[in-house]
Structure formats: C-alpha cells, structure tokens
Amino acid sequence: CNQHIITSSLHVAWLPRSLDSMAKVKKSHLKSKKAKAKAKQADKNQSADRDGMVDVPKESRHELKRRHAAERKALQAKIVELKRQRKKLPKKKNKDDKKALSEEIKTLTSELKK
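Calculation criteria
Residues numbered from 1 in each chain as written. Predicted model: local features only at pLDDT ≥ 70, side-chain atom pairs only at ≥ 80, totals over all residues. Heavy atoms only, no water. Helix = DSSP H or I, 4+ residues; strand = E, 2+ residues; numbered from the N terminus. Buried < 20%, exposed > 50% of the residue type's maximum accessible area, 1.4 Å probe, protein only. Contact = heavy atoms within 4.5 Å. Areas by Shrake-Rupley, 256 points an atom, 1.4 Å probe, with all protein chains shown as cover. Core = buried A, V, L, I, M, F, W, Y, C linked by side-chain atoms within 4.5 Å. Salt bridge = Lys/Arg side-chain N within 4 Å of Asp/Glu carboxyl O. Expected span 1.5 Å × (residues − 1).

Looking only at helices and strands, one finds four helices and two strands in the chain. Along the chain, from the amino end to the carboxyl end, the secondary structure elements read β-β-α-α-α-α. The burial tally for the chain puts 7% of its 114 residues in the buried class. Contacts spanning at least 24 positions in sequence make up 26% of the contacts within the chain whose residues lie at least 6 apart. Surface exposure of the chain reaches about 11,000 Å², of which carbon and sulfur atoms provide 55%.

The following block contains the structure:
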C-alpha cells in the first residue's frame, strides 16, 4: 500500500508515503552532517597551521577589559608626567620644547579618547 491512513477525531485523510517519510528527519543523517562539518573545520585548522599561522588563544572578555584598563592607566600616567615636565620648563625660553611636549600630550589624549 503506498498510502497511510491518518485518523483524527474529525476526519480521515490519505497521505502518500513520500510525505510521511519527509515529516521525520533521522538522527543519523543529522549526526553525519555534524561530523562532516567538524572534519571540515579540523582540515581548515590544520591547513592554517601548515601555512605558518599559529592559533593564539583568545582572551576572555574579563582579561581583555583588564588589559585595556591597564593600558589606559599607563597612558594617563604618561600624560600626567609630560604635563609636569612641561610645567617645569621656563615660560620664555625653550618654547619649541614646550610646544613639542604639548603636541605629544595632544596626540596621547586623542588616543585615549578612541
């Protein structure tokens, strides 16, 4: 028989077998798809290693935030030190040195805002 009978409390319907088999997806088919995808990914990783690229372990969000905070604090400390040096320079002499320090302070502050 090429058809199945589906009964419910309201009606009886005849469905061809092809529709009945399409309703279910076999787990083995899905598992084979996943296995193929994993194998493909492993091949990509191996080819990248062969090309000289080394996988660097990713930083976690927490580690990244801590590293950025440390970099920011170091940059702020450097800016403060440059401002102290600029303040110690005489007002009327060495204007070029003072302007160079000011320019460096501006570039560091713009980096800090990025």
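Additional details are given in the paragraphs that follow.
So, on to the nonpolar core. Counting six residues, the largest nonpolar core is built from Leu75, Ile79, Leu82, Leu101, Ile105 and Leu108. Going through the elements one at a time, α3 (61–88) and α4 (95–113) are the ones with two or more residues in this core. Setting aside residues up to four positions removed in sequence, leucine 108 forms contacts with Leu75, Lys78, Ile79 and Leu82.

Next up on the list: the pattern of salt bridges. Per the counting criterion, the structure on display carries three salt bridges. Across the pair arginine 67 and glutamate 59 runs a salt bridge whose closest N-O atoms are separated by 3.1 Å. For glutamate 59, a relative accessible area of 40% corresponds to the partly exposed category. Residue glutamate 71 pairs with arginine 67 through a salt bridge whose shortest N-O separation is 3.0 Å. Of the two residues, glutamate 71 and arginine 67 are both situated in helix α3; the distance of four residues between them amounts to about one turn of the helix. Overall, the relative accessible area of 34% leaves arginine 67 in the partly exposed class.

Looking now at α3. When the terminal C-alpha atoms of α3 are compared, their 41 Å separation across 28 residues agrees well with the 40 Å that a helix rising 1.5 Å per residue should span. Listing the buried residues of α3 in full gives Leu75, Ile79 and Leu82. On its buried face, α3 is in contact with α4.

Here the focus is α4. The terminal C-alpha atoms of α4 lie 27 Å apart, and with 19 residues this matches the ideal 27 Å at 1.5 Å per residue to within 8%. Looking at the buried side of α4, the elements it contacts are α3.

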